[in-house]
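# Structural characterization, general
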Amino acid sequence: MKSDFVHGYIQTMDAEKDPRNLILAFQIARKIIDNFSLGVFVEEMFEVVSCYFPVSFSPPPDNPHGITKQDLVLSLRSCLSATPLFSEYCLPLLLEKLTSDITSAQIDSLQTLAECAPVYGTAALKEYISSFYSCLRKEVVDGDSEEVKRESLKCLSCLISTLSTDITDISSSSVLKSFIEEIFSEYRIYILKSDVKILYNASSLLHCICDANSIACCMVLETAVPLVLLQYNNQTQINCRRCLIDILNMFISCAARHNTEQVLKIILIHKADLISTYTELLLARDKDISCYGIRGVAAILKCNNVLSESEAELFSKHIATILLSNSDKKIRNECVITVQLLASQFPVIVKSEIQTKLIEKLNQDQMEIDGDSSVSKEDLMGIITSISHHKLLLTDITYFIFLQLNQQKDKICSSEVLTSCLCSMVENNKTNGDVLDYTNTSIVPNILQLIVDQYQSLTSNDIEHLATILRISCTNSSSSICEGLYKQIVDLFLHGKLKGITLKDFQPLQNRSNKSQLCSLPLVTAVVCSVPLSETMVNIDDIVSSVMSICTTTDDLTICEYGSKCIAGLLNKLTESYIEGILMDIDKLWDGLFTVNQSSENVERSVILLTWITKALVLRNHCKAKEYIQKLLELLSVDIVGSIVAEYFYIIVTQYKDILNSEMRADIKMFYHQRLFLENKDRLVTDYQESESGAIKKNYLIVLSNLMKPLQKQVLLPELPLLLPLLIHSLVYEDRNLIQVTLTTIQSLCENKEGSLLLCKHLDSVIPQLLQLSKYLSDMKIRISALKCLNTVSHLPSHLILPYRNTVIKSLVQVLDDKKRLVRNEAVTARSKWFLIAEPGSS
Amino acid sequence: MFRLEEITTFTGHNEAVWCVAWSPSGSLLASCSGDKTIRIWGKEDEKWVCKTVLTDGHSRTIRYISWSPCGQYLASASFDATVVIWSRKDGVFESIATLEGHENEVKAVNWSSSGSLIATCSRDKSVWIWEVTEDEEYECASVMSSHSQDVKHVTWHPHKEILASCSYDDTIKLYKEDNDDWTCFDTLTSHDSTVWKICFDQSGSRLASCGDDQTVKIWQEYVPGNEEGVLTKGNDSVWKCVCTLSGYHERSIYDICWNVETGHLVTACGDDAIRIFAEDSCSSKNEPKFNLVTTVTHAHAQDVNAVAWNPKIPTLLASCSDDTTIKLWRIIE
Amino acid sequence: MSLDNANPVVFQKTTEREILPEDEDNDVLDEIDDREVYDLIRSINDPEHPLTLEELNVVDHANVHVDNKKNKISISFTPTIPHCSMATLIGLSIRVKLLRALPPRFKVDVQISPGSHASEEAVNKQLADKERVAAALENSHLLKVVNECLTIREK
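Residues numbered from 1 in each chain as written. Chains lettered and ligands numbered in written order. Predicted model: local features only at pLDDT ≥ 70, side-chain atom pairs only at ≥ 80, totals over all residues.

Our working rule: UniProt positions are given in the numbering used here, feature names are shortened, and annotations may be inferred rather than shown by experiment.
An unreviewed UniProt entry annotates chain C as MIP18 family-like domain-containing protein of Lottia gigantea. In its Sequence similarities (unreviewed entry) section, the UniProt record describing chain C reads: "Belongs to the MIP18 family."

Taking an unreviewed UniProt entry as the reference, chain B is identified by name as Probable cytosolic iron-sulfur protein assembly protein CIAO1 homolog belonging to Lottia gigantea. Regarding chain B, the UniProt comment filed under Sequence similarities (unreviewed entry) reads as follows: "Belongs to the WD repeat CIA1 family."

Here you go:
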């Protein structure tokens, strides 16, 4: 019965043409192959399935059944790779189709071979492997298509994996070993020629084999490393030498990716040669060449425990010399990457051989430095920052930075560079326990002392950097450490006490008239809004009421913003019982805004504070959130206040690093952006349509565009028929943010089929607007965005945009001479695209 | 002070304007362009306006236009390998004939002084002469293939049936009718590169040429038995280069035009400038001397392609350019 | 179409121009310089290889000169082999690219590097003849080839 069934099925399936049935037929065939013995019908089963290979099918225009070519390809492939019994029929078929002229057939064959190889196994592949390889090599070395090249390499990797199964000893003979030897017999010919492109391509085959697994990697490296080294030493042409060293580096990187004992053994055999080659490169005058040397050292460092301390020291010395004498950014970046690797394995050596020398240079007289090279002190600080990834490497530079910050005069560079470097070092190492410890025990206390001593000379950027460090400390440390820090902050800012000693004149939260002290508010925010909420947070209400009264009285909008952020951070987290009372005070503030005759500074202050508070409540989906949002929207139609509310509305949708984020344990409900948009869009559109004043219409558009900004396209699309005309209208307003948001929306619309169809209806107004904005003198970003839009618009169906072709081409002539290069680049791209619309030779 | 003052700018063409031509009465200006149209400009209530646009005549760039001596016809030469004859009746232009025969781009077309002959030239290296019959038919009378390259321009002697052509092969050639056939009787060599344009003076005994070598040359006719003793061959005159103006122009010179009244030479140059040269008072026939009397740098935003003096108002000049505009200028002395 | 030069030597691509802080400052004037013009032409495709003019070393940064004061740009290019039949087409592509991409105030001269081609003078004369260039661009066959050279290939 079973064999009759198989036979019957084969007959039934034969000559089937309907794609719907075929999909099903392939699926059933696979089930039969998996569960029945095919017996004498192996070849028949193979024939009835494989006659469809490679699949050529293009669905009718409207594709009524939703079946794609890819569906058929995949289900057929699943049959071909179902059983090793097919190998003797399938492999010759694949070999034939690999040489097809049709790219899609080639790719299908490559992917099918990749899927079949592990099923068929080494024994079946043995006979064909050379022929397959010669096809793959032809595509990779001489082929034109990047896609075929990519698939060929993937396929090769699968073949190698199959051949490597069950091999443990790399020296004994195997199909894999003789195959790799065969490859090398060709590679030796390529490497002798000076054709850089061919050599790169041929090497990519070997790199691909190396990446397949560590056994294959060993077999390749054994021959490849000495071969490339030898050829490098014999070669005289500079671009060939460069290419060879690049190829060598890639081999070493392959070894590092496996990092097995066997692979590393091969690297160790050639270590002496590699080290002398790289040393020679590091000493080279040619920048490009030394870059390859630096990269090589990085590659070898990634191989575990290959370099000894003395070798690391040697390389460190050379790299320090390069760093100190070279101002080329590219080479410096290469050095930094390599030193980072060195530092993770040899921190002591990096400290003594590199960091110490860099710090010495920092201390040198400016005059002396100008004498020998052009590495600025800012650059040196940057280098030190990026290589300091170990506690050992942090101590000296931190000491140096605080020494500088406490110095009134003759700093080596601005305090902002110093604080930013300090901040980066802490940030780069926030997951490193040792460094975090060091931050808590040494850096943080130093920061608090620094604030007390130097608050007058620190800039707002300095404060921001220092606040970031406190925030990192609070968000990464244990709760006991957080509690301690919270207490220190309360002591210092509320009570004016540091380390138990009462300070005379530092009490920012008490003495609210001292602006330069109030500028340190972000430090308070960083701590009180980051620490986990607990019962032990004493004085929290004192902090809220102090900061509240700062916000409602200060005449400095920056300080008001600092305070508002702090209040928002707390209101977002504190329990209902805590905030109830606060919200009653806030209701009074709202009332104030709705009464007339307020001075505009007062209005602006209240708007900032209330917008932040609204944001805090929206994020946690508090019951008052909707009410507050409605109040803000209501204010939009009020003279003066309306435009201020619109101006600050961005706060509600923007994500901030320094407040109300998940790292700082803020309470953020999912999908709040979508909710906010969907709940309010109808009201905004209606209000917009009903409003008669242009200035007020603009307020609605600004709010609407802000609400749209963070949304995914999928959410926006259904709303666009309603919103797009409004958006296009908004391009006429002189409001940069509004224009920018609209342009970004139009841009993303064009990338979507439905969206671009929608846009097509408005080309008459959009294109002239875009052309005008491409000349928006006061802001190059707008010019660039407008040109990018014009570029995307050129991809719309050509019969729709052809009527605008000449106008666009003519109008953009002027922009070709824009004073900014970045604008010109976009203008060239857009204009070139418009030239090609409906022209011969355009695709 | 001798200078040129810009009177007005005509915009309307969408591509480079290649040529401007005044009607013989001086009341209309015709222009042609890469936008495949001809525009006719004229004055209405003291204001210059575009009176009409001739479309549909050609499928490619219109390179050159020329009015018949009676002013009733306009001929246009195009890169589409044809010449179209337009007839003007009651201010309306109508295409009445298409001259086909050239293998590729026709570069110029001009009417003889009598209006009974038309000459055309092309990149196909040939110069054609067409006869205008009484019932407005146009028949090919002769094809001359003396040039070895692209023929850039052809023009007629102001009174006689003598034709001149210039070419990408760096030479100028003169032709006459000989026993019912047209032959080249003199080849003028002196330019180092393409000769873009040639123009006879009012007397017809002088020829001015200009070209890619950034020079202007003046050629003098010497008739058989001339008093200077210049050798001639048979009954034909010879033409000698008697003056070269170099060092004035910074790029190719595309057009040159001789003022019928004042004898001033004006040039159109690829360096965006218009220059006017006047003959020196101590100049002589055999050694003429010309002085640069004015230069309008940046006359146009791009290459100036053509210049034309108004035939009736000697102080009125028209120019056109790659920048798609046409300008009118007035001489102020 | 058979290839004149079937196995050209491929040269490394220049890295993208670095964007400096002043490039993003709306108040600073960036003059059009050699590198900018070179960037315009280096990505032009060769008419017969799947490679760019830069990869074939047909154009080179050192052979592009911009004079902003005189509004002049001169470019010389080096055909891959001295008898390359594509030299005029390559020159035409460069010319057309610049016609479309540069402000018209510039006068552009495109020439073959001295001594690198058998018909150097003839090719140079053709490329300098704007009437012929204009006519060539109305020839849809030629225009197709030029447009293909100017279409940035997605790699």
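## Examining the overall build of chain C
The test is simple: Secondary structure elements follow DSSP: runs of H or I of four or more residues count as helices, runs of E of two or more count as strands, with numbering from the N terminus. Using C-beta atoms placed from the backbone, we call a residue buried if 20 or more other C-beta atoms fall within 10 Å of its own, exposed if 12 or fewer do, and partly exposed for counts in between. Residues are scored as being in contact if the C-beta atoms we place from backbone atoms lie within 7 Å.
Helix and strand counts for chain C come out as five helices and three strands. Its helices and strands taken in sequence order, chain C reads α-β-β-α-β-α-α-α from the N to the C terminus. A buried classification covers 37% of the 155 residues belonging to chain C. Counting only contacts in chain C whose residues sit at least 6 apart along the sequence, the fraction spanning at least 24 positions is 65%.

## Some thoughts on the interface of chain A and chain C
Just so we agree on the cut-off: Under the scheme applied, nonpolar residues are Ala, Val, Leu, Ile, Met, Phe, Trp, Tyr, Cys and Pro; charged residues are Asp, Glu, Lys and Arg; polar residues are all the others, including Gly.
Contacts between the two partners involve 24 residues from chain A, matched on the other side by 26 residues from chain C. Broken down by secondary-structure element, the contributors of at least two residues to the side of chain A that touches chain C are α10 (196-212) and α45 (821-836) of chain A. Here the side of chain A that touches chain C gets seven residues from one element, more than from any other, and that element is α45(A). The class makeup of the residues in the side of chain A that touches chain C is nine nonpolar, four polar and 11 charged.

## Considerations on the pairing of strand β18 (residues 195-200) of chain B
Residue and element names in this part refer to chain B. To keep things clear, this is the line we draw: By the convention used here, strands pair only if DSSP detects at least 2 bridges between them.
In terms of burial, β18 is largely enclosed, as five of its six residues are buried. With five bridges joining them, β18 and strand β19 (residues 206-211) adopt antiparallel strand pairing. Bridging from a neighbouring strand, Lys197 pairs with Cys210 of β19. Taken together, β18 and the strand that follows it, β19, pair antiparallel across an intervening segment of five residues, in which Gly204 is found at a positive phi of about 85°.

## Considerations on the sheet that holds strand β6 (residues 62-67) of chain B
All names here are of chain B. Note the following rule: Only the stretch in contact is used when a helix axis is fitted, and all axes are lines through C-alpha atoms; the angle between N-to-C directions ranges over 0 to 180 degrees.
The strand order across the open sheet built from four strands is β6-β7-β8-β9, with neighbouring strands paired in antiparallel fashion. A single partner strand is all that each edge strand has here, and the edge strands are β6 and β9 (92-100). The sheet shows a mean angle of 25° between the axes of neighbouring strands, taken without regard to direction. Examined bridge by bridge, β6 and strand β7 (residues 73-78) share five bridges and lie antiparallel to one another.

## What to know about the sheet that holds strand β26 (residues 304-309) of chain B
Residue and element names in this part refer to chain B. The antiparallel open sheet is built from four strands, whose spatial order is β1-β28-β27-β26. Sheet topology places β1 (3-10) and β26 at the edges, where each strand pairs with a single neighbour. The sheet shows a mean angle of 25° between the axes of neighbouring strands, direction not considered. When β26 meets strand β27 (residues 316-321), the two strands line up antiparallel, connected through five bridges. Considered in β27, the bridge of Trp309 is made with Leu317.

## With respect to the packing of helix α33 (residues 641-648) of chain A against helix α36 (residues 694-708) of chain A
Residues and elements named next belong to chain A. Inclusion rule: In these notes the angle categories are as follows: under 35 degrees is roughly parallel, over 145 is roughly antiparallel, 65 to 115 is roughly perpendicular, and the rest is oblique. Helix crossings are classified by the rotation of the near helix relative to the far one: an anticlockwise turn of less than a right angle makes the crossing left-handed, while a clockwise turn makes it right-handed.
The N-to-C vectors of α33 and α36 enclose an angle of 20°; their axes lie 9 Å apart at closest approach. Overall, the two elements α33 and α36 adopt an arrangement that is roughly parallel. For the pair α33 and α36, the crossing hand works out as left-handed. Contacts between α33 and α36 involve Gly642, Ser643 and Ala646 from the first element and Ala695, Ile696, Asn699, Ile702 and Val703 from the second. Split into classes, the residues belonging to the contact of α33 with α36 amount to five nonpolar, three polar and no charged.

## Notes on the packing of helix α12 (residues 238-258) of chain A against helix α15 (residues 287-301) of chain A
All names here are of chain A. Between α12 and α15, the shortest axis-to-axis distance is 9 Å and the interhelical angle comes to 15°. Judged by the inter-axis angle, α12 sits roughly parallel to α15. As α12 runs across α15, the sense of the crossing is left-handed. Across from Arg242, Ile245, Asp246, Leu248, Asn249, Ile252, Ser253 and Ala256 in α12, the residues of α15 making contact are Asp288, Ile289, Tyr292, Arg295, Gly296, Ala299 and Ile300. Taken together, the residues that form the contact of α12 with α15 break down as eight nonpolar, three polar and four charged.

## Remarks on helix α20 (residues 377-387) of chain A
Given 3.6 residues per helical turn, the α-helix brings residues three or four places apart onto the same face. Listing the buried residues of α20(A) in full gives A:Leu380, A:Met381, A:Ile383, A:Ile384, A:Thr385 and A:Ile387. Elements in contact with the buried residues of α20(A): α16 (309-325), α17 (329-345), α18 (347-363), α21 (391-405) and α22 (415-428) of chain A.

## Side note on the confidence of the model for chain C
Threshold: Values of pLDDT, which run from 0 to 100, indicate the predictor's confidence residue by residue.
Per-residue confidence for chain C gives a mean pLDDT of 87; residues scoring 70 or more make up 90%. We note a pTM of 0.69 for the whole complex and an ipTM of 0.93 for its interfaces.

## Some thoughts on the nonpolar core
Side chains of nonpolar character tend, in soluble globular proteins, to be buried together. Selection rule: Remark: nonpolar core denotes a set of buried Ala, Val, Leu, Ile, Met, Phe, Trp, Tyr and Cys residues whose joining runs through C-beta atoms within 7 Å.
Judged by nonpolar contacts, the single largest core of 277 residues is most densely connected at A:Ile209, A:Leu221, A:Phe251 and A:Val527. For this core, the leading source of residues is helix α11 (residues 214-234) of chain A, giving 11 residues. Among residues more than four places away in sequence, those in contact with A:Phe251 are A:Cys210, A:Leu221, A:Ala224, A:Val225 and A:Val228. Grouped together as the second largest cluster of nonpolar side chains are 96 residues, B:Ala81, B:Trp111, B:Leu265 and B:Ala273 included.

## Re the UniProt feature "repeat: WD" (unreviewed entry) in chain B
According to UniProt, the "repeat: WD" (unreviewed entry) feature falls on residues 10-41, 55-87, 99-140, 144-176, 188-220 and 297-333 of chain B. Helix makes up 0% of residues 144-176 of chain B and strand 58%, and the two end C-alpha atoms of the span are 11 Å apart.

## Regarding the environment of A:Asp491
Residue and element names in this part refer to chain A. For Asp491, the position within the fold is in helix α25 (residues 479-495). A residue is classified by how many C-beta atoms lie within 10 Å of it, and Asp491, with 17 of them, is partly exposed. Once the C-alpha coordinates of Asp491 and Gln507 are considered, the two residues, 16 residues apart in sequence, prove to be 9.6 Å apart.

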